[in-house]
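# Secondary and tertiary structure notes
Each chain, written out:
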Amino acid sequence: MSIYNFCAGPAMLPPEVTEALRADLLDWRGLGRSVLEISHRTSAYQELRERTEANLRRLLGLGPAYTVLLLQGGASGQFAMLPYNFLREGDCADYLVRGHWGAKAARQAARVGRVRTLADPEAGWDPAAVYAHVTTNETIDGTRLPENFPRPVGPLCADMSSDILAAPRDYTRYDFLYAGAQKNLGVAGLAVVAAEHEFLSRARRNLPAAFCYLEHVRADGLYHTPNAFAVDALFHMTEWLLAQGLETVWARNARKAAKLYAELDRSAFWRPLAPKGERSLTNVVFRLPSATLEAEFLVQAEAQGLVALRGHRALGGLRASLYNAFPEKGVDALVAFMRDFERSHG
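What you are looking at is a predicted structure, and each value in this text was computed from that prediction instead of being measured. (Residues numbered from 1 in each chain as written. Predicted model: local features only at pLDDT ≥ 70, side-chain atom pairs only at ≥ 80, totals over all residues. Heavy atoms only, no water.)

## Description of the packing of helix α1 (residues 15-26) against helix α7 (residues 228-244)
Two numbers describe how α1 lies on α7: the axes approach to 10 Å, and their chain directions differ by 145 degrees. Remark: the crossing between α1 and α7 carries right-handed chirality. Touching Glu16, Val17, Ala20, Leu21, Asp24 and Leu25 of α1 are Phe229, Asp232, Ala233, His236, Met237 and Trp240, all from α7. When grouped by side-chain class, the residues that make up the contact of α1 with α7 number 8 nonpolar, 1 polar and 3 charged. (Axes fitted to C-alpha atoms, helices over the stretch in contact; angles between N-to-C directions. Helix = DSSP H or I, 4+ residues; strand = E, 2+ residues; numbered from the N terminus. Left-handed = near helix turned anticlockwise from the far one by under 90°. Contact = heavy atoms within 4.5 Å. Nonpolar A, V, L, I, M, F, W, Y, C, P; charged D, E, K, R; others polar.)

## With respect to the sheet that holds strand β8 (residues 156-159)
Pairing in this open sheet of 7 strands is mixed, and the strands run β2-β10-β9-β8-β5-β3-β4 from one edge to the other. Of all the strands in the sheet, the pair left with one neighbour each is β2 (66-71) and β4 (114-118). The sheet shows a mean angle of 20 degrees between the axes of neighbouring strands, direction not considered. In the sheet, strand β5 (residues 132-135) pairs with β8 via 4 bridges, with the strands oriented parallel. What sits directly across from Val134, in β8, is Ala158. (Pairing = 2+ DSSP bridges.)

## Observations concerning the environment of Glu122
Locating Glu122 in the fold gives a position in the loop between β4 and β5. Glu122 gets classed as exposed once you look at its relative accessible area, which sits at 59%. (Buried < 20%, exposed > 50% of the residue type's maximum accessible area, 1.4 Å probe, protein only.)

## With respect to the pairing of β4
Relative to β4, strand β3 (residues 92-96) runs parallel, the two being bridged by 5 bridges. Residue pairing across strands places Cys92 opposite Arg114, the latter belonging to β4. Taken together, β3, helix α4 (residues 100-110) and β4 form a β-α-β motif whose crossover is right-handed. (Right-handed = clockwise from strand over helix to strand, strands pointing away.)

## Here we look at a nonpolar patch on the surface
Residues Leu25, Leu26 and Leu36 make up a contiguous nonpolar surface patch of about 320 Å² in total accessible area. Looking at where Leu26 falls in the secondary structure, it is placed in helix α1. Look at Leu26 and you get exposed, because its relative accessible area is 68%. (Patch = residues over 30% accessible without salt bridge, like charges linked within 9 Å, V, L, I, M, F, W, Y side chains within 5 Å. Areas by Shrake-Rupley, 256 points an atom, 1.4 Å probe, with all protein chains shown as cover. Salt bridge = Lys/Arg side-chain N within 4 Å of Asp/Glu carboxyl O.)

If you want it as structure tokens, here you go:
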């Protein structure tokens, strides 16, 4: 029986990537050592990081005007580091809050300085804000921010953890972007950060070094021992994305989401939670007529190899996460199970 992991993170990896990682755990690049044992000071690790960064730049369409950093702490670490580096006394930052993670990012920034929150970018950004922050996809609420939202006058920053490289996007529109790796880019323990040079130059320098972006730049990404395994996973994921071709990945993602939403819209037995114009391509959130039915659905789904469909504890219900590596046949299996479940319980 095939197992399909619908977890919102850590997410399903392509078989090619898990096979490559398994080999690297035993003997990395013929060195007779595991990737877990490789020093970040070696030329072999330096080559790995350089190739990974080059792949990311190619996939994101970012040229030499951007600095790319691979940092520990995931996206939650960036919730604090971003304001800590850019939000000085007397400044204000704008935070678009349309769900759980946008709200969490705003709360962390408010511990550092003054924050203005807004629920709709159409309401107007503050032109005096030192930066504006958006969350492009809300994994818990199952909503995405339309790509054509009004851009602020000043620098634009974004948490893209759950939809980075999942659909067409102009990444040069953003002055600063970050993403936890465990959804679309690999495994937990790593955050990808890309920052435009002029914006990055405004960062504070008088900070504890581990939390200072400019210190990480000065140390060439080696201020502390990096998570080599997570970097290796990121490398293999970027290689897989390049081999697949982004247009192929994007088309597959669109089909996956369309199939599942079509089933949810087919019958009143299912209740999709996100408004149609804001539905996420990567996180599909829905409910059944009762919590009892939802519990039974989860038990039976797991017995069929459809795992991790429970919604986030903050919202409840059900959630299917369909990240880049999730196979289309997994959605087909879920839709078939949903039809059987509705026939027997509807």
